[in-house]
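For reference, the chains in residue letters:
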Amino acid sequence: MPALLHLYRRLERLPFGRWLFSRAVCFKAPYFGSIHPTIVALENGRCEARIPHRRGMQNHIGSVHAIALCNLAELCAGVMTDASLPDGMRWIPKGMSVQYLKKAMGPQTGVAQPQIPIVAASVGYELPVRVDVHDASGAPTFRAEVTMWLSPIRQAPSPSPTTGA
């Protein structure tokens, strides 16, 4: 089990465990803290996170800013990918396409799921991750496809037994 998923499962049982896990994610990647996320569900192949509607995340018309929604999408996609990653693999976001479906008012919830199976591979590959965002009533407000680049972790060469290096 990936370390991130293991940590989530340990913390989610505790009072304020999901909040604590979310703060740990924001400590590792501080920019995500700007949207005050809470990871509400995490499993292999799925991440669900919620953000509040705060004045500091509003645009000029009072709805949740487009970039806050993009940030939520990248957070969900990244946490899901990390929690689902096979041993010996790593990831990095490669691109994102977005659709704004409706004015985003109130708290927003994002759900990320991969569009193809996440597998170990000897060469890098693109993983499309769909993130659907909805408001408190369940109405869709935003959709993103985040393209992740998955690749094997390069191992440092072993010292040569003949040279002693």
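Look a little higher up for the structure.
Below or above, wherever it landed, is the structure these notes cover. (Residues numbered from 1 in each chain as written. Predicted model: local features only at pLDDT ≥ 70, side-chain atom pairs only at ≥ 80, totals over all residues. Heavy atoms only, no water.)

### Some points on the overall build of the chain
Link 1 in the chain: The number of helices and strands found in the chain is three helices and six strands.
Link 2 in the chain: The order of helices and strands in the chain, counted from the N terminus, is α-α-β-β-α-β-β-β-β.
Link 3 in the chain: Structurally, the chain occupies a C-alpha span of about 70 × 35 × 25 Å along its principal axes.
Link 4 in the chain: Going through the 165 residues of the chain one by one, you find that 41% of them count as buried.
Link 5 in the chain: Here the chain contributes 17 positively and 10 negatively charged side chains, and the mean placements of these two sets differ by 6 Å. (Helix = DSSP H or I, 4+ residues; strand = E, 2+ residues; numbered from the N terminus. Buried < 20%, exposed > 50% of the residue type's maximum accessible area, 1.4 Å probe, protein only. Lys, Arg positive; Asp, Glu negative; His and termini not counted. Charge placed at Lys NZ, Arg CZ, Asp CG, Glu CD.)

### Some points on the sheet that holds strand 6 (residues 140–152)
Link 1 in the chain: The strand order across the open sheet formed by six strands is 1-2-4-5-6-3, and the pairing between neighbours is antiparallel. Two strands in the sheet have a free side with no partner beyond their single neighbour: strand 1 (38–43) and strand 3 (89–100). Along the sheet, successive strands turn relative to each other by an average axial angle of 20°, direction set aside.
Link 2 in the chain: For strand 3 and strand 6, the ladder comprises 11 bridges, and the chain directions are antiparallel. Each residue of the ladder has a partner; that of Y100, found in strand 6, is F142. (Pairing = 2+ DSSP bridges. Axes fitted to C-alpha atoms, helices over the stretch in contact; angles between N-to-C directions.)

### Here we look at the pattern of salt bridges
Think of it this way: side chains of opposite charge can pair up when their charged atoms draw near.
Link 1 in the chain: Within the structure shown, the criterion is met by seven salt bridges.
Link 2 in the chain: Residues R50 and E48 are paired through a salt bridge, measuring 3.9 Å at the closest nitrogen-oxygen approach.
Link 3 in the chain: With a relative accessible area of 36%, R50 lands in the partly exposed category.
Link 4 in the chain: The closest approach of N and O atoms between K102 and D135, which form a salt bridge, is 3.2 Å. Of this pair, K102 sits in the loop between strand 3 and strand 4 (108–114) while D135 sits in strand 5 (residues 125–135), and the two are 33 residues apart along the sequence.
Link 5 in the chain: Residue K102 is classed as partly exposed on the basis of its relative accessible area of 42%.
Link 6 in the chain: Salt bridges here are not isolated pairs; linked through shared partners, they connect R46, E48 and R50. (Salt bridge = Lys/Arg side-chain N within 4 Å of Asp/Glu carboxyl O.)

### Considerations on the side chain of S84
Link 1 in the chain: You can see S84 is positioned in helix 3 (residues 66–84).
Link 2 in the chain: Within polar-contact distance, the side chain of S84 engages the side chain of N44 at 3.4 Å.
Link 3 in the chain: Sequence-distant contacts of S84, defined by excluding residues within four places in its chain, comprise P2, E43, N44, G45 and I118. (Polar contact = N/O pair within 3.5 Å; in protein donor to acceptor, adjacent residues only side chain to side chain. Contact = heavy atoms within 4.5 Å.)

### Topic: helix 3
Link 1 in the chain: The end-to-end C-alpha distance of helix 3 is 27 Å, a good match for the 27 Å that 19 residues give at a rise of 1.5 Å each.
Link 2 in the chain: Burial runs high along helix 3: 15 of the 19 residues are buried. (Expected span 1.5 Å × (residues − 1).)

### Regarding the environment of P128
Link 1 in the chain: Examined against the element boundaries, P128 turns out to sit in strand 5.
Link 2 in the chain: With 38 residues separating them along the chain, P128 and R90 place their C-alpha atoms 15 Å apart.
Link 3 in the chain: With sequence-adjacent residues up to four places away left out, P128 is seen in contact with Q113, P114, Q115, I116, E145 and V146.

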